[in-house]
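Architecture and fold: a report
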Amino acid sequence: MALGIGLLDAASSKQTVTLKKKTYTLKFIYNSRFDYWTISIFDSKGDSILLGEKAMPNKELLTRYSLDDVLGGYLSIESFLESRVSRNNFGLNKTHTLVFSTTEEVEEANGTV
């Protein structure tokens, strides 16, 4: 089952998550001047995997860079509305949610298993 990842209610935050038995740090920064979030991902050693990717509705964050295999799945922003991802509508139980799905879950949902 896909895992929703919450955000702290702060303009800049870091949190540690475990995905497929590996630990990662997610860093979220809100740009108040232009009203958008960026997401960065670091491995357990602090090495960057993804830096400053803009959060947008229904966006898969890793595929564009061929990084799906790095996390063993897909990290995406699932959106209930086609509205801008802004300060107050991004997080668990909000319009836009950051979600991790394993490769197996995505293949099963697409009928490719």
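These notes cover the structure that comes with them. This structure is a prediction, so every number in the text was calculated from the model and none was measured. (Residues numbered from 1 in each chain as written. Predicted model: local features only at pLDDT ≥ 70, side-chain atom pairs only at ≥ 80, totals over all residues. Heavy atoms only, no water.)

Re the overall build of the protein
Our working definition: Comment: elements are numbered from the N terminus, with helices defined as DSSP H or I runs of at least four residues and strands as E runs of at least two. The reference for a compact globule is 2.2 Å times residues^0.38; the radius of gyration itself is calculated from the C-alpha atoms. The buried label applies to any residue whose accessible area, calculated with a 1.4 Å probe on protein chains only, is under 20% of its type's maximum; exposed applies above 50%, and partly exposed to all values in between. Note on contacts: a residue pair qualifies if any of its non-hydrogen atoms lie within 4.5 Å across the two residues. We get accessible surface area from the Shrake-Rupley algorithm with a probe of 1.4 Å; when it comes to residues, only the shown protein chains can shield them. When charges are counted, Lys and Arg contribute as positive and Asp and Glu as negative, whereas His and the chain ends are disregarded. Every charge is mapped to an atom, namely NZ of Lys, CZ of Arg, CG of Asp or CD of Glu.
A tally of regular secondary structure across the protein gives 2 helices and 8 strands. Mapped from its N terminus to its C terminus, the protein presents α and β elements in the order β-β-β-β-β-β-α-β-β-α. Relative to its length of 113 residues, the protein is compact, with a C-alpha radius of gyration of 14 Å against a globular reference of 13 Å. Over its C-alpha atoms, taken along the principal directions, the protein stretches across nearly 45 × 35 × 25 Å. A burial count over the protein gives 40% of its 113 residues as buried. For the protein, restricting intrachain contacts to residue pairs at least 6 apart in sequence, the fraction spanning at least 24 positions comes to 36%. Approximately 6,700 Å² of the protein is accessible, and the part contributed by carbon and sulfur atoms is 50%. The averaged location of the 14 negative side-chain charges in the protein is 10 Å from the averaged location of its 13 positive side-chain charges.

Observations regarding the nonpolar core
Condition: For our purposes a nonpolar core is just a set of buried Ala, Val, Leu, Ile, Met, Phe, Trp, Tyr and Cys residues, chained together by side-chain atoms within 4.5 Å.
Ranked by internal contacts, the top residues of the largest apolar core, which has 24 residues, are Ile-39, Ile-41, Leu-71, Leu-75, Phe-90 and Leu-98. Elements supplying a minimum of two residues to this core: β2 (12-19), β3 (22-31), β4 (36-42), β5 (48-54), β7 (73-79) and β8 (96-102). With 4 residues, the top contributor of residues to this core is β3. Filtering out sequence-adjacent residues up to four positions away, Leu-75 remains in contact with Ile-5, Ile-41, Lys-59, Glu-60, Leu-61, Leu-62, Leu-98, Val-99 and Phe-100.

That is the geometry; function is a separate question.
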